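# Observations on the three-dimensional arrangement
Single-letter residue listing:
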Amino acid sequence: MNSILKNNLFRYGLLIKIFSVIFFLPIIQENLFNSFITFFINNPSFDAWTNYLNNSNNIIAFPYGPVMLTVFLPLTYLGKLIGLAFGHEIYFIGLGFRITLLFFDFFGLILFKKLFPSKLKKILIFYWLSPLIFYVTFIHGQIDLVPSVFLLGAYSFISVNQFKKSGLFLGLALASKLSIAIILPIPIIYIFQNNRLVKGLSPFIKSLFLTSFSLVILPLLSIGYRKMVFGSPMLNSVFWFKFSMGNQFEIFLLPIALLLIYYFLWRIKRSNFILLTSVSGFAFLVSVLMMPPNPGWLIWSLPFLIMYQMNSDITGKILVTSFSLLSIIFISLNFSVSKIYFLFKDFEVPFNYLQKQNQGLLYTIFISIGIILCIRLYRESIRNNDYFRLSRNPISIGICGGPKSGKKELSDALIDIFGEHSSIQVFQKDYLKWINNSPMWKRVSVYNSRSQDLLKLSRDLNLLISKNNQKELLKKDYSRLRSKNNPFIIVNGFHLFQSKTFSDLFAIKIFLEPSSTVNNFWLHKNEKNESMSNKNI
């Protein structure tokens, strides 16, 4: 926290945002959101939405559920009390509303720092000083930053395996903005397909279900809630991008695209956190490009684009920045923005500075850059991801070293990390050419490569690694190697890297050569254990 507060980039950004919070009055907040909350404060009710509609027909005044009302109510109410004392009630109500957004903006910064603790400077540049987040939130006045921060919190808890908290935050994000349902299957698939994380699926689902049921489903008992939230015209935007099949049928392209993304993630079989965030960002960006332009929706994909921007090359950084700037220009041309409040007077902000005939070309460039970002996001963050490239076959790990060099200890430690349900262990010593009482052992040591049936070991490894040969493992001869598609194969032996052909079977190669002191300690320890075992026999 101190590293953030002492950073000049943070301080400069905070000053700019405080200035905008004080002097810019977004029209959409004043005409819609604040009027709804002010009415609720003046006319308290357990059913704020129905109570509001009984006095107004504006169903788009507050198309959000109880979570968003709860989030903005405290400081808005405090602003009303201060406004009554100073005689400027409307201004201070809006000020409390905007300060709430500033708090969530800072909360998002904390979450980014938690996810990427070593990249504070990049986080401050690309998130805290993001021109798109600043413009959409503090100038135009949309409040989609709140569900985006809740979603970021959910992913932050997934990254540290706190699944109950993650389900809670994802439920809060969904209750804040129903459109979050677009990516709802993605974290569920991610947890389910990772054997290391699958135990967390049950608490994740339970927490998500309880939160969603309490804050999304139960409020459906309210007629006003159904009209204002589930009846919002914005929900139909999912079906905006379509083409007709004759006079009777239409094909909606966005649902098809999302189903393909879910299926793609399902087929990967094994993924990591980077792949999770990349697929989520890809899904949101595709959704934004296939729905009618809306300032708030641009915020959905931005946290994931910022993650990509922090790790991308200069071209990727320029593309995301260009996408943000073009979005700002397009919003200023097509949507009401802000008034300036100065010396207790309102002044309209003349943001419409381009000719209307240029909007078609501008929107075309905006969509083009968005498509390029989709392609780069897939190519750099998804297709080139190590987990994606290795998803077709299990990962084979070869651990080689001399007698008592720590091979077994390292193998056991890796299995503790991956989990026994995700790993299978193969020992070279199980592939001896001769039985124990064979006279060959008088001439050849067990540590000699000639005593090992490396050809059979190679054949078994090929069967384990290649999914096309999994049926062979069902044969009686290979019953000891049967597995449920274990993603990690750990092989332990003396001569694994002796042949290049054999060595190439391993995706990861580890050679152990401990100090003589450690090696002698393990040797004596083993001899002592064997001696005690013989006495017991």
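Structure report, in brief. Numbering of residues starts from 1 in each chain and follows the order in which that chain's sequence is written. The predicted nature of this model means local features are confined to residues of pLDDT at least 70 and side-chain atom pairs, given and counted, to a pLDDT of 80 or more, with totals for whole chains, interfaces and linings taken over all residues. Only hydrogens and water are set aside; all other atoms, that is, all heavy atoms of the structure, feed into the side-chain values.

## Comments concerning the overall build of the protein chain
- Counting its secondary structure elements, the protein chain contains 23 helices and nine strands.
- For the protein chain, the residues scored as buried account for 50% of the 537 residues in total.
- Restricting the contact set of the protein chain to residue pairs at least 6 apart, pairs at least 24 apart contribute 73%. Think of it this way: any DSSP run of H or I at least four residues long counts as a helix, any run of E at least two long counts as a strand, and we number them from the N terminus. Here's how the labels work: a residue is buried when its accessible area is under 20% of the maximum for its type, exposed when over 50%, partly exposed in between, all with a 1.4 Å probe on protein chains only. Whether two residues touch is decided by their heavy atoms; if any such pair falls within 4.5 Å, the residues are in contact.

## Some points on the nonpolar core
- Throughout this description, the term nonpolar core refers to a set of buried Ala, Val, Leu, Ile, Met, Phe, Trp, Tyr and Cys residues connected via side-chain atoms within 4.5 Å. Ranked by internal contacts, the top residues of the largest apolar core, which has 131 residues, are Phe62 and Tyr127.
- Discounting residues that sit within four places of it in the chain, Tyr127 has contacts with Phe104, Asp105, Gly108, Leu109, Phe112, Lys122, Ile133, Leu145, Val149 and Ile306.

## Let's talk about the packing of aromatic side chains
- Only the six-membered ring of Trp is used, alongside the rings of Phe and Tyr, when aromatic pairs are assigned; centres must lie within 6.5 Å, and planes under 30 degrees apart are stacked while those over 60 apart are edge-to-face, with the rest tilted. Here the structure, examined in full by the defined rule, presents 31 aromatic pairs.
- Ring geometry for Phe106 versus Trp128: centroids 6.5 Å apart, planes at 80 degrees, classification edge-to-face. Residue Phe106 is located in helix H6 (residues 89–115), and its partner Trp128 is located in helix H7 (residues 120–128); the two are separated by 22 residues in the primary sequence.
- Classification of Trp128 by relative accessible area gives buried; the value is 1%.

## Thoughts on the environment of Tyr155
- The residue Tyr155 is located in helix H9 (residues 145–159) in this model.
- In this structure, the C-alpha to C-alpha distance between Tyr155 and Leu111, residues 44 residues apart in sequence, is 9.4 Å.
- Leaving out residues up to four positions away in the same chain, Tyr155 has contacts with Leu115, Ile183, Ile186, Pro187, Phe273, Leu276, Thr277, Ser280 and Phe304.

## With respect to the pattern of salt bridges
- When a carboxyl oxygen of Asp or Glu lies within 4 Å of a side-chain nitrogen of Lys or Arg, that pair is called a salt bridge. Inspection of every chain in the model, using the stated rule, returns five salt bridges.
- For Lys177, the salt bridge goes to Asp144, with nearest N and O atoms at 3.4 Å. You can see Lys177 sitting in the loop between helix H10 (163–176) and helix H11 (185–193) and its partner Asp144 sitting in the loop between helix H8 (131–140) and H9, a full 33 residues away along the chain.
- Its relative accessible area of 1% is what places Asp144 among the buried residues.

## Points about the packing of H11 against helix H15 (residues 273–289)
- To get an axis, fit a line to the C-alpha atoms, keeping to the stretch in contact for a helix; angles then go from 0 to 180 degrees between the N-to-C directions. Interhelical geometry of H11 versus H15 gives an angle of 160 degrees and a closest axis separation of 10 Å. Taken together, H11 and H15 sit at an angle that is classed as roughly antiparallel. Between H11 and H15 lies a crossing whose hand is right-handed. Contacts between H11 and H15 involve Ile186, Pro187 and Tyr190 on the former and, on the latter, Phe273, Leu276, Val279, Ser280 and Ala283. For classification, angles of less than 35 degrees are called roughly parallel, those exceeding 145 degrees roughly antiparallel, those between 65 and 115 degrees roughly perpendicular, and all remaining angles oblique. Crossing handedness: left-handed means the near helix sits turned counterclockwise from the far one by under a right angle, and right-handed means the same turn made clockwise.

## Here we look at the pairing of strand E8 (residues 488–493)
- With six of its six residues buried, E8 lies for the most part within the structure.
- Side chains of E8 alternate between two faces, with Phe488, Ile490 and Asn492 and Ile489, Val491 and Gly493 buried alike.
- By the convention used here, strands pair only if DSSP detects at least 2 bridges between them. Across six bridges, strand E6 (residues 395–401) lies against E8 in parallel orientation. Across the sheet, residue Ile397 finds its bridge partner in E8, namely Ile490.
- Pairing between strand E7 (residues 423–427) and E8: five bridges, direction parallel. Considered in E8, the bridge of Ser423 is made with Phe488.

## Section: the side chain of Asp105
- Tracing the backbone shows Asp105 in helix H6.
- When residues no more than four places from it in sequence are discounted, the contact partners of Asp105 are Lys17, Tyr127, Trp128, Ile133, Phe138 and Leu145.

## Some words on the sheet that holds E8
- Read from one edge of the open sheet, four strands run E7-E8-E6-E9, paired in parallel fashion. A strand with exactly one partner marks an edge of an open sheet, and here the two such strands are E7 and strand E9 (508–512). Shown here is a sheet whose adjacent strand axes are inclined to one another by a mean of 15 degrees, direction ignored.
- The strands that helix H20 (residues 407–418) touches are E6, E7, E8 and E9; relative to E8, the one it contacts most, it runs at about 170 degrees.

## Here we look at the environment of His421
- Take His421: it is sitting in the loop between H20 and E7.
- Taking the relative accessible area as the measure of exposure, His421 reaches 42% and is therefore partly exposed.

## Thoughts on unusual backbone geometry
- Although it is not a glycine, Asn161 sits at a positive phi angle of roughly 65 degrees.
- Inspection of the secondary structure assignment puts Asn161 in the loop between H9 and H10.
- Judged by relative accessible area, Asn161 falls into the partly exposed class, the value being 38%.

## Some remarks on the packing of helix H5 (residues 66–86) against H9
- Between H5 and H9, whose axes approach to 11 Å, the crossing angle comes to 105 degrees. Accordingly, the angle class assigned to the pair H5 and H9 is roughly perpendicular. In contact with Val67, Met68, Val71 and Phe72 of H5, H9 contributes Val146, Pro147 and Phe150.
- Each residue is assigned to one class: nonpolar for Ala, Val, Leu, Ile, Met, Phe, Trp, Tyr, Cys and Pro, charged for Asp, Glu, Lys and Arg, and polar for all the others, Gly among them. Residues that form the contact of H5 with H9 fall into these classes: seven nonpolar, no polar and no charged.

Remember, this is a structural readout, not a statement about activity or role.
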